[in-house]
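Secondary and tertiary structure notes
If you want the building blocks of each chain, they are given just below.
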Amino acid sequence: MKDSAELLAIAREAVEIGYRLVTTSDRGVVREKGDRDLVTDLDIQVQQHIRAYIDQMTPDIAFLGEEHGGGELDQTADGVWVLDPIDGTSNFAHGIPLCAVSLALVERGESVIGVIAAPFLGLRYHATKGGGAFVNERPIQASSNDDPGHAIIAIGDYAVGPGADGKNDYRRSVTKSLVENVERVRMIGSAALDLVWVAEGRFDACVLYSNKPWDTAAGVLIAREAGAIVADTAGVPHDFSSSTTVAVAPGIAAALWPLLASPVSTVD
């Protein structure tokens, strides 16, 4: 296998392919792949182009992408590229510029390279395990805020599809707890941006109610490398078996966990 620097360069060029496509191509047809869950022709095209490139450059590394059915992450594999071609497709389909291309290299269940780009915002993030986190070549660090009353916290989308009502009971309870205790709550519709904006200190925390590998694999690494604590809503250190994803600035972590306590058993 290539060394870390070579793999990072490949990952960054792969995401740049997506960046260029998103900013220069028409979205094409917009379809529903589930209840209020959209996919555009461009989502599929971005995945196809990125996969073709990384298959050529790293034929020995497996691939998992959100489109064409997604799938399960093999946490025993020596290497898997994990891609979300357009994270925040609903935003993208409606002309809202809050979306991202997200690519990670996962080795034996742990992200070791993460690259995320926000094409309409001109932001390019990357991190390697133990190598720090960067935006547009500048090192980034999680917020130093230690007062939850001055915290901006992002939350993930509410559930749709079968069983959404029960799942959203928990989401509503968390939203209520947060709005009563923090400065502001935001829902921007892109897990990748939620995580890198915690890494960059724009948000003091984000609370995501799921843990799809293509949504979180790159952003979790970038957040951790920037000094954020990444766990589930119970405060247990996050991995790919976690059902939820929380990234938080260390100074408000202890105050945040009690606000995320679940009154119901189903939070997926």
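Calculation criteria
Residues numbered from 1 in each chain as written. Predicted model: local features only at pLDDT ≥ 70, side-chain atom pairs only at ≥ 80, totals over all residues. Heavy atoms only, no water. pLDDT = per-residue confidence, 0-100. Contact = heavy atoms within 4.5 Å. Pairing = 2+ DSSP bridges. Helix = DSSP H or I, 4+ residues; strand = E, 2+ residues; numbered from the N terminus. Expected span 1.5 Å × (residues − 1). Buried < 20%, exposed > 50% of the residue type's maximum accessible area, 1.4 Å probe, protein only.

Looking at the confidence of the model for the protein chain
Overall, the predicted model of the protein chain reaches an average pLDDT of 93, with 96% of residues at or above 70. pLDDT under 50 marks residues 264-268. Its contacts with residues more than four places away, or in other chains, come to 15 contacts.

Regarding the pairing of strand β1 (residues 30-34)
Two elements, β1 and strand β2 (residues 37-40), share four bridges in a ladder whose sense is antiparallel. Paired with V30 across the bridge in β2 is T40.

A short note on helix α4 (residues 164-179)
The first and last C-alpha atoms of α4 sit 22 Å apart over 16 residues, in line with the 22 Å expected at 1.5 Å per residue. Considering only its buried residues, α4 is in contact with β10 (152-155), β11 (184-186) and α7 (250-256).

Regarding the pairing of strand β4 (residues 80-87)
Where burial is concerned, most of β4 is hidden: eight out of the eight residues are buried. Sheet analysis places strand β3 (residues 62-65) next to β4, joined by four bridges and oriented parallel. By the bridge assignment, F63 is partnered in β4 with W81. Note: β4 against strand β5 (residues 100-107), six bridges, orientation antiparallel. By the bridge assignment, V80 is partnered in β5 with V106.

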